[in-house]
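Listed here are the chains, written in short residue letters.
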Amino acid sequence: MSSSIETLISREYQHGFVTDIESDTMPAGLSEDVVRAISEKKSEPAFMVEWRLKAYRRWLSMKEPHWPNVTYGPIDYQATSYYSAPKTKTPLGSIDDVDPELLKTYAKLGIPLYEQKMLAGVAVDAIFDSVSVGTTMREELAKHGIIFCSFGEALREHPELVEKYLGSVVPYSDNFFAALNSAVFSDGSFVYVPKGVRCPVELSTYFRINSADTGQFERTLIIADEGAYVSYLEGCTAPKRSTNQLHAAVVELVALKGATIKYSTVQNWYAGDKEGRGGIYNFVTKRGKAAENAKISWTQVETGSAITWKYPSVILQGDNSVGEFYSVAVVNNKQQADTGTKMIHIGRNTKSTIVSKGISAGEGNNSYRGRVQVLPRATGARNYTQCDSMLVGNRCGAHTFPYIEVGNNSAIVEHEASTSKIGEDQIFYLKQRGLSAEQAVSMIVSGFCKEVFKELPMEFALEAQALLGITLEGSVG
Amino acid sequence: MSLIEIKDLHATVSDKEILKGIDLTVDAGEIHAVMGPNGSGKSTLAQVLAGNPAYEVTGGSVTYDGKDLLALPPEERAQHGIFLAFQYPVEIPGVSNAYFLRAAYNEVRKAHGEEEVDPLEFADFMEEKLALVDMDASMLNRSVNQGFSGGEKKRNEILQMAVLQPRLAILDETESGLDIDALRIVADGVNKLKRPDNATIVVTHYQRLLNYIVPDFVHVLVNGRIAKSGGKELALELEDKGYDWVTSGAPVGAGAA
Ligand SMILES: Nc1ncnc2c1ncn2[C@@H]1O[C@H](COP(=O)(O)OP(=O)(O)OP(=O)(O)O)[C@@H](O)[C@H]1O
Ligand SMILES: [Mg+2]
């Protein structure tokens, strides 16, 4: 009975089932015609197709980035299908019109789409593959002038808002994956909270990839007008698949003067099997721009995906603006994550806080990559970064790549980092009190992540904690 | 039937033999003291009984409550009523003492087919337990053992014992780090928790503790074996004459009478 930490057992991915639904899927391949066809299928306004085409042409001239600390085989972009919609009657008038198969899927996922979330006061914009199929509490939100709908609907009903803000934070030329997304994005969510309005409920979206070999290109745009407040929750699950699936989402947050946007993610996409086969490639661009006195706060719990490449960032444009990034990233088996944030201090007295908790188990590899940039006019800028890694077992890895550039000598930038190993003695202590190995690990890890969990809305925090347990299940004996 | 029966127990750590044939029988309602020089294997015995995987059992048997104890994983031993108050309690940063205690309490309840308790019920339950070890409720909101003083850690162990109400409690040098007042409080707690159907093994270096927790039997562990056993007066004799007295003489009959 020597060290038990290395004993691995495994549990099949809980959400690894496939829904039997007819999909309207485009043939594989990407060209200007495909881009036009996507736009046409969605009856988009003219400016949109032009924007997509510009993005596509730009993308052709770009190279896939290989600086992240992850490895994977070449992606054949021509072998991917860029559009897949569940075949249902459109448009959907009410939840009752939603394909019952879909509703069953949500039930299996434990997503209380209609009743429970309603009771809990959460409006849900559920995304199945690429097209939104159900939206609740629209009327309640409409009373406050809040727009919460699918991206497609926003393009039809509020094209002026989309045109004004789309690409204002993440331009289509930003990076390879953002350009690809800009060209082919299928759907996503759109939120607009008017001046001075505090959104009375947490807005919540669930994503799920279903069709085989279909790239998923979500686009989310959230605008909080002056003095507005909104908290947005994003949660993802995906069924088990044997081939890798590319996911390249873009999220743009616009916080105007004095506005606050809180964006929370729990990401639990299929991570691949123990050998590292299958699993989602999660290459995401998330960025917010904060005007004067505005605040943008990212909280993420990343437990899924084979590869995660993601840096939710804040451009602290206005004076006194605040940026926050709270992150838990867990990798097990052969998962790889390269995640972190960028805080770009442009305005005076701007403040940013970064708390990153990386947990590596199995043969997982976890990298924190962060950039804190203080521009010359950002007098009085402050950053505090705390970056902690926890190792479970001996075959996993933790890496940190902090980049700090300070162009104003009144700035105060603090960076703290630590690496710890989950101790056999801690696990034994908890077992001696009657807890199982899984409970013990989940408790120790939750304790480690406490500072991040407390940033999540309550029910989300519990979900996240449970997910951590599931993800690390089998990483100790 | 004895609560626990240890027969010719051998155990190694890092391939070094530490326990070299322990025989010890404890009946319900008894308190046994285990004494012995540093490094003689007292903590090893405690850890082996609790199922620490760092120690390898290489021979012998342990029957607990009619079951083969060595075949059970540590959490099941705990659920069946084995409790170890650690010589060096472990810190769990970020996990509140209250949350931890309730999780442990619920696991033990579940194992007995009882309902889990919610945080409110548990808070009521804890009031009396805190009083038992004279601990402030604020300790419940702190991370498990983190930043606790040596004495607070030991008190926290006894608090856990009070919550889990074990059938066999093994206290490994619980007195170390305690001031005189705390010693009395802890000993009082242990005495109050004594019932006809449970038993306690007290590992200690000091006769002093045994003035408060009066043992039915005292065993002297030397070099991985029980070299001498006797009644509570043996502790006084040891204090007087030192361990040399035991090691130089021929080993007397091992195990409790
Ligand atoms: N993990 C380990 N690796 C190597 N040796 C160990 C380990 N744990 C214990 N030992 C050794 O086993 C022997 C017995 O240790 P143990 O802790 O059981 O003694 P003890 O009787 O409790 O002593 P003390 O009175 O000092 O607490 C010691 O020589 C100790 O160094
Ligand atoms: Mg000891």
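Treat the numbers as computed from the prediction; the structure is a model and nothing was measured. (Residues numbered from 1 in each chain as written. Chains lettered and ligands numbered in written order. Predicted model: local features only at pLDDT ≥ 70, side-chain atom pairs only at ≥ 80, totals over all residues. Heavy atoms only, no water.)

A.B. asks: Explain helix α4 (residues 119–132) of chain B to me, please; I cannot follow it from the model alone.
C.D. replies: What sets the pattern is the α-helix's 3.6 residues per turn: residues three or four places apart point alike. All names here are of chain B. Spanning 14 residues, α4 covers 20 Å between terminal C-alpha atoms, matching the ideal 20 Å at 1.5 Å per step. Along α4, the sharpest change in direction is near 30 degrees and occurs at M126. For α4, the complete set of buried residues consists of F122, F125, M126, K129, L130 and L132. On its buried face, α4 is in contact with α3 (97–111), α5 (150–164) and α6 (180–193). Structurally, the start of α4 carries an N-cap: the backbone nitrogen of L120 is 3.0 Å from a side-chain oxygen of D118. Once α4 finishes, D134 follows within two positions and takes phi at roughly 50 degrees, a positive value. (Helix = DSSP H or I, 4+ residues; strand = E, 2+ residues; numbered from the N terminus. Expected span 1.5 Å × (residues − 1). Bend = angle between axes of the 7 residues up to and from the residue. Buried < 20%, exposed > 50% of the residue type's maximum accessible area, 1.4 Å probe, protein only. Contact = heavy atoms within 4.5 Å. Polar contact = N/O pair within 3.5 Å; in protein donor to acceptor, adjacent residues only side chain to side chain.)

A.B. asks: I would appreciate a short explanation of the sheet that holds strand β4 (residues 55–64) of chain B in the present structure.
C.D. replies: All names here are of chain B. Pairing within the open sheet is antiparallel, and its 4 strands lie in the order β2-β1-β4-β5. Two strands in the sheet have a free side with no partner beyond their single neighbour: β2 (16–26) and β5 (67–68). Bridge analysis of strand β1 (residues 4–13) against β4 gives 8 bridges, and the strand direction is antiparallel. Residue pairing across strands places E5 opposite T63, the latter belonging to β4. (Pairing = 2+ DSSP bridges.)

A.B. asks: Looking at this structure, how should I read the coordination of the magnesium ion (ligand 2)?
C.D. replies: Working reference: metal with six octahedral donors, ideal angles 90 or 180 degrees; metal with four tetrahedral donors, ideal angle 109.5 degrees. All names here are of chain B. Bound to the magnesium ion (ligand 2) on the protein side are S43 (OG) and Q87 (OE1), at distances that span 2.0 to 2.2 Å. Taken together, the positions of S43 in helix α1 (residues 42–50) and Q87 in the loop between β6 (82–85) and β7 (92–96) put the pair 44 residues apart, joining distant regions of the chain. Note on S43: relative accessible area 23%, which makes it partly exposed. (Donors = N, O, S within 2.8 Å, 3.2 Å for Na, K, Ca; no water.)

A.B. asks: How should I be thinking about the interface of chain B and chain A in this particular structure?
C.D. replies: Interface size is commonly expressed as the accessible surface area that is lost when the partners come together. The partner chain A presents 22 residues to the 35 residues of chain B that form the contact. Across the chain B/chain A interface, buried area totals approximately 2,200 Å², and carbon plus sulfur atoms make up 64% of it. The interface formed by chain B and chain A includes 1 salt bridge. Put simply, R433(A) and E157(B) hold a salt bridge, and the shortest N to O gap is 2.6 Å. The interface formed by chain B and chain A holds 11 residue pairs in polar contact (both at pLDDT 80 or more) in total. Those elements giving two or more residues to the side of chain B that touches chain A turn out to be α1, β4, α2 (74–79), β6, β7, α3 and α5 of chain B. Counting residues per element, the side of chain B that touches chain A draws most heavily on α3(B), at 6 residues. A per-class count over the side of chain B that touches chain A returns 23 nonpolar, 7 polar and 5 charged. (Buried area = accessible area lost by both parts, 1.4 Å probe. Salt bridge = Lys/Arg side-chain N within 4 Å of Asp/Glu carboxyl O. Nonpolar A, V, L, I, M, F, W, Y, C, P; charged D, E, K, R; others polar.)

A.B. asks: Sorry if this is basic, but what is going on with unusual backbone geometry here?
C.D. replies: Here N333(A), not a glycine, exhibits a phi torsion of approximately 50 degrees, which is positive. Tracing the backbone through its elements, the reader meets N333(A) in the loop between β17 (322–331) and β18 (336–345). Within the chain, D8(B) stands out as a residue other than glycine whose phi angle is a positive 45 degrees. Here D8(B) shows up in strand β1.

A.B. asks: Looking at this structure, how should I read the pattern of salt bridges?
C.D. replies: Side chains carrying opposite charge are able to pair once their charged atoms draw close together. All names here are of chain A. Under the definition given, this model contains 31 salt bridges over all chains. Across the pair R287 and D174 runs a salt bridge whose closest N-O atoms are separated by 2.8 Å. Taken together, the positions of R287 in strand β13 (residues 280–290) and D174 in the loop between α7 (159–165) and α8 (176–184) put the pair 113 residues apart, joining distant regions of the chain. Using a relative accessible area of 10% as the deciding quantity, one classes R287 as buried. Through salt bridges with shared partners, a single ionic network connects E32, D33, R36 and R57.

Any functional reading would require information beyond the geometric quantities listed.
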